[in-house]
Every structure is written in structure tokens, then in C-alpha cells.
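Topology and contacts: notes
The lines below spell out each chain.
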Amino acid sequence: MDKVDRKYFWKDKVWLKEKYLTERLSCAQVAVLAGCDPKTIWNWLKKLRIHIRSKREAIDLKYGKEKKQKESKKVEIERLMAGFD
């Protein structure tokens, strides 16, 4: 980390992008790693002009978009099968 105090990981744009965008961690998860408040992470994302997820993106990430898609397919199959009874 160039010119960044090791105590303040969240000020390092490369580190913050790696955790938030690449590893897809939430602000709360990044805050635990950095030892700070989630609001601090959110503020530094804005300050460093790192794309902040929309609420929809955050929800999809938290609950797993693929899992939801599988569940909806399962429900659809169950509805179709119910019509054959």
C-alpha cells in the first residue's frame, strides 16, 4: 500500500476496490476487516469514486440471485405439476 497507513486500509483505493467490488463483500464485511464502522467504508467508497451497489444489487448479493432463480423455477414446476393432478 503506497502512502497509506496500514491502520487505515479503507483509504487505499486498490484495497477497497478489491474487497468491495472484486470479492463482493458488503460495507459491513469490509468494515470488520478494516476495524472501522460500515459508514466509514461507505463514505470512502463515495470519496474514492468507487461504484456503490444499488439496493437491488445488494439484496441480490445478500440473498443469492441464483438461489432465488432456482426457487422460482421450482415453484413454477410445482404449479405446472399441480395442473396434472
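My aim in this report is to walk through the structure given alongside it, one point at a time. (Residues numbered from 1 in each chain as written. Predicted model: local features only at pLDDT ≥ 70, side-chain atom pairs only at ≥ 80, totals over all residues. Heavy atoms only, no water.)

1. Quick notes on the layout of surface pockets
Size it by volume and the largest pocket reaches roughly 220 Å³. Along its surface, the largest pocket is lined by 14 residues, and Tyr-20, Ser-26, Cys-27, Arg-53 and Ala-58 are the ones closest to its centre. Taken together, the elements giving at least two residues each to the lining of the largest pocket come down to helix H2 (27-34) and helix H4 (55-63). Tallying contributions element by element places H4 first for the lining of the largest pocket, with 4 residues. (1 Å grid on protein atoms, 1.4 Å probe; cavity = no way out; pocket = protein on both sides within 12 Å on 5 of 7 lines; lining within 4 Å. Points joined across faces, edges and corners; volume = space filled by probe spheres on them. Helix = DSSP H or I, 4+ residues; strand = E, 2+ residues; numbered from the N terminus.)

2. Overview of unusual backbone geometry
Excluding glycine, residues mostly have negative phi values, and the peptide bonds linking residues are mostly trans. Not every positive phi belongs to a glycine, and Arg-24 is a case in point at roughly 60 degrees. Looking at the element boundaries, Arg-24 is found in the loop between helix H1 (13-22) and H2. Residue Arg-24 is classed as partly exposed on the basis of its relative accessible area, which comes to 42%. (Buried < 20%, exposed > 50% of the residue type's maximum accessible area, 1.4 Å probe, protein only.)

3. Comments concerning the packing of H1 against H2
At their nearest, the axes of H1 and H2 sit 9 Å apart, and the two run at 135 degrees to each other. Overall, the two elements H1 and H2 adopt an arrangement that is oblique. Of the two elements, H1 crosses H2, and the hand of that crossing is right-handed. Along its contact with H1, which presents Trp-15, Leu-16, Lys-19 and Tyr-20, the element H2 presents Cys-27, Val-30, Leu-33 and Ala-34. Looking at the contact of H1 with H2, its residues break down into 7 nonpolar, no polar and 1 charged. (Axes fitted to C-alpha atoms, helices over the stretch in contact; angles between N-to-C directions. Parallel < 35°, antiparallel > 145°, perpendicular 65-115°, else oblique. Left-handed = near helix turned anticlockwise from the far one by under 90°. Contact = heavy atoms within 4.5 Å. Nonpolar A, V, L, I, M, F, W, Y, C, P; charged D, E, K, R; others polar.)

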